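# Summary of the model geometry
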Amino acid sequence: MNYTVNGSDIHLYQPDFDLDETLDCGQAFRWERTGEKAYHGFRLNKPLDIYAERDYFVLKNTSEKDFINVWADYFDLNTDYGELKRVFSEDSTLSSACAYAGGIRLLRQDSFEALLSFIISQNNNIPRIKGIIGRLCEKYGGFPSAEMLNGKTADDFSYLRAGFRAKYIEDCINKINSGEIMLDEIKEMPVAEARRSLMTIKGVGPKVAECALLYGMYRVECFPVDVWIKRVMERFYPNGFPRLAADYAGIAQQYLFHYIRTSGVFEQ
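### Concerning the pattern of salt bridges
In total, this model carries 17 salt bridges according to the counting rule given. A salt bridge links aspartate 16 to lysine 85; the shortest N-O distance between them is 2.8 Å. Here aspartate 16 is found in the loop between β2 (9-13) and α1 (19-23), whereas its partner lysine 85 is found in helix α3 (residues 81-88), with 69 residues between them in sequence. Owing to a relative accessible area of 24%, aspartate 16 belongs among the partly exposed residues under this scheme. With a relative accessible area of 13%, lysine 85 lands in the buried category.

This is the structure in structure tokens:
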């Protein structure tokens, strides 16, 4: 991680990082594109404007303290993605995926925000997911904590226009506030136990649990499977995902998802 402080901005020199590939790939829903390689968004309720400028990135109006304590972690800047891609590229399909979109990084999100966001994401598209989350944040002046939502019912969430997902939001909030679900403990559980615990929440199946663990708890061994990744597995990995990527399967999945979804490889 190489950066300089320039007035109220941080200038970051970071390889293996692309804003479009990272912020607009469906892993987080509170980033909006504001220009060419420029975004405005939030980590919980801390805002950031960031844009790419030649060979570096500018984080606007950000203190060095916030950069080190918030954004370096959020953008996973201390992980060597070059080395990860080197390992992944021993597999031919992953090699193609890494070459196609080598700037994807895993965003290290807040555990409650990620869990609620992926509950909302079920059978949904990105613009609608962003709309629901945007209405929630507008209501509370930012992304609310589980405690702020304590006692709310599905009917109380009618303003979200979230449909059947409102009852899942209610159950998630109830289980967290009652102590039945303790996200800090789930972070540290063996992954199979963590999955089972999350799936006691109504509407949380294997995919949502996997997303909550990967994006909200940095359990990088987790591997969300949607229709695109299912197609990848059927075509390229009928005998199972390569062992060389198993420890960081969730990060490998990010490269594959973007590659398969946007490169047209299935049309060849």
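### Details of the environment of glycine 264
Turning to its location among the elements, glycine 264 is positioned in the segment after α12 (249-262). Distance from glycine 264 to histidine 40, taken between C-alpha atoms, is 29 Å for residues 224 residues apart in sequence.

### Quick notes on the sheet that holds strand β5 (residues 46-53)
Spatial ordering of the open sheet is given by β1-β2-β6-β5-β4-β3, a layout of six strands whose pairing is antiparallel. Bordering the open sheet on either side are β1 (2-6) and β3 (31-35), each of which pairs with just one other strand. Neighbour-to-neighbour, the strand axes of this sheet turn through a mean angle of 25°, independent of strand direction.

### Comments concerning helix α9 (residues 191-198)
Looking only at α9, the buried set comprises Val191, Ala194, Ser197 and Leu198. Here the buried residues of α9 occupy an arc of 120° about the axis, which is enough to place them on one side. Contacts made by the buried residues of α9 are with α5 (111-120), α8 (183-188) and α10 (206-217).

### Remarks on the state of the cysteines
Any covalent bond linking the sulfur atoms of two cysteines counts as a disulfide. By the definition in use, this model includes zero disulfides. There is no disulfide at cysteine 25, and the cysteine sulfur nearest it, in cysteine 211, is 11 Å away. The thiol sulfur of cysteine 222 is not disulfide-bonded, and the nearest other cysteine sulfur, from cysteine 211, lies at 9.6 Å.

Conventions and cut-offs
- Residues numbered from 1 in each chain as written.
- Predicted model: local features only at pLDDT ≥ 70, side-chain atom pairs only at ≥ 80, totals over all residues.
- Heavy atoms only, no water.
- Salt bridge = Lys/Arg side-chain N within 4 Å of Asp/Glu carboxyl O.
- Helix = DSSP H or I, 4+ residues; strand = E, 2+ residues; numbered from the N terminus.
- Buried < 20%, exposed > 50% of the residue type's maximum accessible area, 1.4 Å probe, protein only.
- Pairing = 2+ DSSP bridges.
- Axes fitted to C-alpha atoms, helices over the stretch in contact; angles between N-to-C directions.
- Arc of directions from axis to C-beta.
- Contact = heavy atoms within 4.5 Å.
- Disulfide = S-S within 2.5 Å.

That's the geometry; what it means functionally is another story.
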